[in-house]
Amino acid sequence: MDKDYVVAVDLGGTKIYTALVDLKGNIIKEKIVSTEANKGDIAIVSNIKKTIDYVLEDIDREKVGAIGIGSPGPLDVKRGLIVAPPNLPFNNYNIVEELTTTYNLPTFLDNDANAATLAEYMFGVGKGTENMVYITVSTGIGGGAILNGKIYRGSTSNALEVGHTTVFKDGPRCGCGNKGCSERMSSGTAIMKRALEAVNSNVNTNLKNYENITAKEVFVEAAEGDYVANDILDEALSYLGLVVSNVMNTLDPDMIVLGGGVINGGEVVIERVKEIVKHRSLSIIAENCKIEKSNLEGKSGVLGAAALAISELR
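Residues numbered from 1 in each chain as written. Predicted model: local features only at pLDDT ≥ 70, side-chain atom pairs only at ≥ 80, totals over all residues. Heavy atoms only, no water.

A. Fine view of the overall build of the protein chain. Secondary structure summary: the protein chain contains ten helices and 13 strands in total. Relative to the 2.2 N^0.38 estimate, which gives 20 Å for 314 residues, the radius of gyration of the protein chain is 20 Å and therefore close to what a compact globule would have. The contacts in the protein chain between residues at least 6 apart in sequence include a share of 61% that link residues at least 24 apart. Computing the positive centroid from 31 side-chain charges and the negative centroid from 40, the protein chain places the two 2 Å apart. (Helix = DSSP H or I, 4+ residues; strand = E, 2+ residues; numbered from the N terminus. Rg over C-alpha atoms; globule rule 2.2 N^0.38 Å. Contact = heavy atoms within 4.5 Å. Lys, Arg positive; Asp, Glu negative; His and termini not counted. Charge placed at Lys NZ, Arg CZ, Asp CG, Glu CD.)

Encoded structure:
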C-alpha cells in the first residue's frame, strides 16, 4: 500500500472523535467535538466533516488512503447506511456515499463494536491472536469477534450482540424489549439502576450520600467496603461472567478482551469474571483462553475506525 495515513471517525451519541492515523496505529492529529444529536442528522454530518477537514489540514491528500467510520448500529454495512441507532437521529442515511463524494476517498463503515474489535486485534492486547473476542461494557454491552484472522460480521452484520443474550430468563425488561438481557443486568446503566433502587429504599448504604449516582460511585463505595455497593457489583459482574463463559464455550477463542467504562472500575471486575469462568466454562477452553483488559485507554473506537480503513485497503 503506497499510502501513509487513514482518516478515522468514531461517531458516538455524545461525541465525534476523528483522527489522522498512520498505518501502525499512531494518532498524528485528532479532534473531538460534540455530536449535537438533538440538532438532527444534517448537523451531525456537518460536524463530522468539520473534524475531517481539521485533521486533513496541511496534509498531502495523496498520502491518505481511506476514511473509516465506526458508528452505533443498526447499520447496513454493505450499502453504507446508518439505519436507526437509538441515540442518533439517522434513518437509513448513506454516510459512505456522502463522505466518498465529499473527499474523493474510499469510505468504509462498520458498527463501533466491530471497529473496536479490529483495533484490539491490530494494535492492542489481541495482537498475534488468531481467534479473539472483544466485549465492551459501558452504557450498554457490545462485542465483536475475529475468527481465523478475520472479523466475523454475520449475515446481517450484527453478530456478537452479546448485550442481548439472555442471562436471567425472567429478569427485568431490557431496552430492546426482551427480558433479562446481559445489558440489563451488567452494564453501567444496570449498575446505576440497581444503585438508585437501593438509595430509594430503607437499606443502609453510603450511596445515599451522593446527589447523582452512576456506576462510578458504586465502585468507589464497594472499594470502601459498603455492603450494598458490593452486593450490586457482585450480582452485575456475576452475570457478566456468564456472558464471557457462554462466548468462550461457543467460540473457543485464544483471548477475550474486555473494554469500556465498567471494566475500568478496578481489578475486582476481571477477578470476578475469571472466577465465574472457572466454574462455567469447559476446562480445556478456560485453560487456553486468556481474559485481558483492553490497553487502548479510550482510543479503541477511533483506532478501530482506522483499523477498519487499513484492513479494507489491504
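Once the structure has been displayed, the description carries forward.
B. Expanded view of the sheet that holds strand S7 (residues 93–94). Spatially, S5-S6-S7 is the arrangement adopted by the three strands of the open sheet, whose pairing is antiparallel. Either end of the sheet is taken by a strand with one partner, and the two such strands are strand S5 (75–76) and S7. One ladder, built from two bridges, connects strand S6 (residues 81–82) with S7; its direction is antiparallel. Looking at S7, one finds that Leu 81 is bridged to Asn 94. (Pairing = 2+ DSSP bridges.)

C. Geometry of the pairing of strand S3 (residues 27–34). Direction of pairing for strand S2 (residues 15–22) relative to S3: antiparallel, over a ladder of seven bridges. Each bridged residue has a counterpart across the sheet, and for Tyr 17 the counterpart in S3 is Ile 32. Counted between consecutive antiparallel strands, the loop separating S2 from S3 contains four residues, among which Gly 25 sits at a positive phi close to 90°.

D. Region of the structure containing the packing of helix H6 (residues 215–223) against helix H7 (residues 227–251). It is the contact of H6 with H7, at a shortest axis distance of 8 Å, that shows an interaxial angle of 120°. Taken together, the axes of H6 and H7 lie oblique to each other. The two elements H6 and H7 cross, and the hand of that crossing is left-handed. Across from Val 218, Phe 219, Glu 221 and Ala 222 in H6, the residues of H7 making contact are Ala 229, Asn 230, Ile 232 and Leu 233. In the contact of H6 with H7, the residues fall into six nonpolar, one polar and one charged. (Axes fitted to C-alpha atoms, helices over the stretch in contact; angles between N-to-C directions. Parallel < 35°, antiparallel > 145°, perpendicular 65-115°, else oblique. Left-handed = near helix turned anticlockwise from the far one by under 90°. Nonpolar A, V, L, I, M, F, W, Y, C, P; charged D, E, K, R; others polar.)

E. Focus on a negative patch on the surface. The grouping of Asp 2, Asp 4, Asp 60 and Glu 62 at the surface amounts to a negative patch. Counting through the fold element by element, Asp 2 comes out in the segment before strand S1 (5–11). (Patch = residues over 30% accessible without salt bridge, like charges linked within 9 Å, V, L, I, M, F, W, Y side chains within 5 Å. Areas by Shrake-Rupley, 256 points an atom, 1.4 Å probe, with all protein chains shown as cover. Salt bridge = Lys/Arg side-chain N within 4 Å of Asp/Glu carboxyl O.)

F. Representation of the sheet that holds strand S9 (residues 132–137) in the model. With respect to topology, five strands assemble into an open sheet ordered S11-S10-S9-S12-S13, the strand pairing being mixed. For this open sheet the edge positions go to strand S11 (150–152) and strand S13 (290–293), each flanked by a neighbour on one side alone. Strand-to-strand twist in this sheet, taken as the mean axis angle between neighbours without regard to direction, amounts to 25°. The pairing of S9 with strand S10 (residues 141–147) spans six bridges and is antiparallel. The residue bridging Met 132 from the neighbouring strand is Ile 146, located in S10. Sheet strands touched by helix H8 (residues 267–280): strand S12 (255–259) and S13. Its angle to S13, the strand with the most contacts, is close to 165°.

G. The environment of Ser 201, seen in detail. Relative to the helices and strands, Ser 201 is located in the loop between helix H5 (188–199) and H6. Look at Ser 201 and you get partly exposed, because its relative accessible area is 30%. Note: C-alpha distance between Ser 201 and Asp 112 (89 residues apart in sequence) is 37 Å. (Buried < 20%, exposed > 50% of the residue type's maximum accessible area, 1.4 Å probe, protein only.)

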